Amino acid sequence: MDKNKKLTIWLPVIIATSIAFGIFIGNHYRSISDQGKRRAYTSGNKINAVLDIIDEQYVDTVNMAQLVEGTIPKIFSELDPHSVYIPAEEVSQVNEELEGSFSGIGVSFNMQTDTILVISVISGGPAEKAGLLPFDRIITINDSVFSGQKKSQTEIMKTLRGEKNSTVKLGVQRGDSPKLLYFDVTRGDVPVHSVDVSYVAAPGIGYIKVSKFGRNTYNEFITAIAKLKQERCQSFVIDLRGNTGGYMDAAINMINEFMPEGRLIVYTEGKSFPRADVYANGTGTCKEAPIVVLTDEISASASEIFSGAIQDNDRGTIIGRRTYGKGLVQTQLALNDGSEMRLTIARYYTPSGRCIQKKYELGNTDDYDQDIYNRYMHGEFDSADSIKMDDSLKYQTVGGRTVYGGGGIMPDIFIPRDTSGITSYFSNVINSGVLYLFTLEYSDRHQDKLSSFKTWEELYAYLRQQPLLSEFVDFAASKGIKRRPTLINISASLIENQLQAYIVRNFFDEEGFYPIFLKDDTTLLRAIEILKEGKSVPVTQ
């Protein structure tokens, strides 16, 4: 066979082999290159890599900032229920309740039908300095008409609040005068109080209502203690019902007032945070004072630190219902664009060593959020027997009493919710807002007479002589709530009490409201009874 013939036969084979070898080599090196990219993405920030690829190669133009803002909350939703992302535009609103103040004009208000009605003016605040008075009606804000516009409370708040030292122009109707009065109000710091009220609940017994643990809570608390001591109170009821928590330091400083030196208050521990113990330093002003703490299913976090320390040290008695069960510690971290995140970094433990955090699954907040409702449906609010504590989570107090971890602080004395006087009629007038609306309109109509009283006690005595119930029933009927004589009779005392309390609040704030509102409160009455009997320290079983 000659050379040409051999070449003709082998040439296609050689070409095919070369192509195959080239493809193999190309694929081999492309695979190495891809693996190198994958290794780079995996060892670096994979999320940034994905976002960069989308930004560079996606078929359509994408708003990357919006995509990131939508993605971050999804990441946090896969963590525990208390780790959250806070967008930059929401940071100030989220923080202001705990920070102790915000920039505004210093009024509380409500929408009366479709007009902003000023309920109270904060003493020393910007609105008072400008000349605004309670029961003024704000018709215009910065020359824009707000009356008759059906504005939401949130929208009004955003308009009235603003940068410190900025000015807002208000057009106000006062009394029956058709002519508007105009006020230029310079916004300033408006205090946010976290100690709602303190007063003498019974001879020698002081009551203090703490609604949250904020930046100024401890100072407010110390002021309340000092005031009550001047009024000869030696025992104290600390009401933490409805208090969802806040700053741990505020709770620790408050507990320190009641603890002897060297007692453990709380300790924290997390994966990246070694155990840190906090002890009482012995400087407290109430180390010997009898104390009772009131809790309910909303009392959470810092409230549970406070009640847990009191209970585990056998320092006082916890009365009420089982607390929420939040034993996770968050730190707030600022991001470059002004947004922030609250990230769980540790768990806290009460002095006996128990973590009272209730169970949760990462990424599953639905069941967690339903827990309170499930407790209610299970009958926990009405009977202590419906609560089953985990025997594997038993702990001992300083005095040897058994307490439990893993789901809130169980009170020493359980008080079921008070359902006396609760009827469908009462629930209807409360849930519809009609009862509160009546108290606003009544206060507005009779403000000359009602504002003439020097003390809340005098106003309360006057209201008790007025036919408030019958006037209210007529008013409620005009708002579409049918008269139910039998149910009204059952709820009469409860309705009258709330009408009187809310009307008095419009003229004497919380100092007049709480003594009336809590007059028949079964939990507070039990606390007073225990303190009178000298039984504030639980006896070891």
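Residues numbered from 1 in each chain as written. Predicted model: local features only at pLDDT ≥ 70, side-chain atom pairs only at ≥ 80, totals over all residues. Heavy atoms only, no water.

(A) Quick look at the packing of aromatic side chains. All told, the structure shown has 19 aromatic pairs when counted by the stated rule. With centroids separated by 5.7 Å and ring planes inclined at 35°, the aromatic side chains of phenylalanine 438 and tyrosine 442 adopt a geometry described as tilted. One end of the pair is phenylalanine 438 and the other is tyrosine 442, both in helix H13 (residues 434-445) and four residues apart, which spans about a single turn. Relative accessible area serves as the criterion here: at 2%, phenylalanine 438 is assigned to the buried category. When the ring centre of phenylalanine 102 is taken as reference, the NZ or CZ atom of arginine 161 above it lies at 3.7 Å. One residue, arginine 505, lies across the ring of phenylalanine 513, its end atom 3.8 Å from the ring centre. (Phe/Tyr/Trp six-rings, centres within 6.5 Å; stacked < 30°, edge-to-face > 60°. Helix = DSSP H or I, 4+ residues; strand = E, 2+ residues; numbered from the N terminus. Buried < 20%, exposed > 50% of the residue type's maximum accessible area, 1.4 Å probe, protein only. Lys NZ or Arg CZ within 6 Å of the ring centre and 35° of its normal.)

(B) The arrangement of the pattern of salt bridges in detail. Tallying each qualifying case throughout the model produces 22 salt bridges. Across the pair glutamate 380 and arginine 322 runs a salt bridge, and its minimum N-O distance is 2.8 Å. You can see glutamate 380 sitting in the loop between helix H11 (371-377) and strand E19 (394-396) and its partner arginine 322 sitting in the loop between strand E16 (317-320) and strand E17 (328-334), a full 58 residues away along the chain. For glutamate 471, the salt bridge goes to arginine 445, with nearest N and O atoms at 3.7 Å. One end of the pair, glutamate 471, is in helix H16 (residues 468-478); the other, arginine 445, is in helix H13, and 26 residues separate them in sequence. You can call glutamate 471 partly exposed: its relative accessible area is 27%. Through salt bridges with shared partners, one network takes in Arg322, Lys358, Asp371, Arg375 and Glu380. (Salt bridge = Lys/Arg side-chain N within 4 Å of Asp/Glu carboxyl O.)

(C) Local environment of the sheet that holds strand E21 (residues 413-414). Pairing is mixed across the open sheet formed by six strands, whose spatial order is E10-E11-E12-E15-E16-E21. At either end of the open sheet lies a strand with only one pairing partner, and these are strand E10 (195-202) and E21. Pairing of strand E11 (residues 205-210) with strand E12 (residues 235-239), which is carried by five bridges, proceeds in the parallel orientation. Among the inter-strand pairings, lysine 209 is bridged to a residue of E12, identified as aspartate 239. (Pairing = 2+ DSSP bridges.)

None of the figures reported here should be taken as evidence of function without further support.
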